[in-house]
Amino acid sequence: VLDFCSQEFSQAGEYSLARETLEKLGNLSLLMALYVRHGMWSDAAKMFQEYEGEFDHSTFISYAEWLLSQDKFEDAMRAYRKAGKIELADEVLQDLTSSAVGQAQYKDAAYYFYLLSKQAAVNNDVIARRQHELRADLYYAYSFIHTFTYDPFTNQEPEVLFHVSRYVINSLSVSSDCAPSGVSLGHAFYVLATQSMRLESFKLARFYCKVPLQNTCG
């Protein structure tokens with residue numbers, strides 16, 4: 001009787017009554033199906049956590065697609081992984097990384113490259129792991145340079161800017177073609193030169209003012 005009532009409530013759009021009926025029936029599978037069918041994803045996620053291992057993980061695919069429609073990309077990535085769709089999770093992560101770089105959100109880009117390095121470690125891809133780790137470090141360091149260059153005010157210490165700009169320059173070739181997307185060696189030279197002046201390292205400042213990459217000292 002309760003099973004019949006739950007179906008009638010669901011067809012009539014009385015989802016709260018259908019849920020209450022299925023809870024009394026104790027049928028978790030039908031309750032989860034109700035959540036998935038009608039896009040009640042917050043309830044579905046809560047139920048997944050409470051009864052982990054009780055449901056087919058393929059259900060997470062629909063959940064991940066809904067999360068993508070809500071621009072919740074990191075949650076969607078985790079849902080794809082739980083569904084066993086590693087390739088789809090990797091695609092989401094790659095899109096997140098490209099978007100962060102394109103929007104000059106370099107700290108976010110560093111975090112996503114760190115996640116890529118962790119995934120490469122799971123896949124036993126030593127070369128990819130190392131490349132992603134280096135890219136994560138580079139974008140994190142460059143975020144300080146970008147902030148100093150574009151923000152009207154900064155509270156960053158000269159010593160910090162000095163060292164991160166040195167790190168970026170030393171990590172890359174002098175040729176700007178070797179710099180990853182969004183990273184400007186010219187800006188790194190500019191920051192190093194200005195902070196060298198502030199720290200009274202005038203010889204180093206003069207050297208970087210003469211770097212032929214671009215006229216970093218105006």
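Here the structure is a predicted model, which means the values were calculated and not measured.

## Details of the packing of helix α6 (residues 73–82) against helix α7 (residues 86–102)
1) Next: It is at 7 Å that the axes of α6 and α7 come closest, and there the two elements cross at 160 degrees. As summarised for this structure, α6 and α7 are arranged roughly antiparallel, according to the angle between their axes. Our pair here, α6 against α7, has a crossing hand that is left-handed. Residues Phe-73, Glu-74, Met-77, Tyr-80 and Arg-81 of α6 pack against Ile-86, Leu-88, Ala-89, Asp-90, Val-92, Leu-93 and Leu-96 of α7.
2) Next: Here the contact of α6 with α7 is built from residues that sort into nine nonpolar, no polar and three charged.

## What to know about the packing of α7 against helix α8 (residues 106–122)
1) Next: At a minimum axis distance of 8 Å, the contact between α7 and α8 shows a crossing angle of 155 degrees. Judged on the interaxial angle alone, α8 and α7 are roughly antiparallel. The way α7 lies across α8 gives a crossing that is left-handed. Packed against α7, whose contacting residues are Ile-86, Asp-90, Leu-93, Gln-94, Leu-96, Thr-97, Ala-100 and Val-101, the element α8 presents Tyr-106, Asp-108, Ala-109, Tyr-112, Phe-113, Leu-115, Leu-116 and Gln-119 at the interface.
2) Next: Of the residues belonging to the contact of α7 with α8, the class tally is eleven nonpolar, three polar and two charged.

Definitions and cut-offs
- Residues numbered from 1 in each chain as written.
- Predicted model: local features only at pLDDT ≥ 70, side-chain atom pairs only at ≥ 80, totals over all residues.
- Heavy atoms only, no water.
- Axes fitted to C-alpha atoms, helices over the stretch in contact; angles between N-to-C directions.
- Helix = DSSP H or I, 4+ residues; strand = E, 2+ residues; numbered from the N terminus.
- Parallel < 35°, antiparallel > 145°, perpendicular 65-115°, else oblique.
- Left-handed = near helix turned anticlockwise from the far one by under 90°.
- Contact = heavy atoms within 4.5 Å.
- Nonpolar A, V, L, I, M, F, W, Y, C, P; charged D, E, K, R; others polar.

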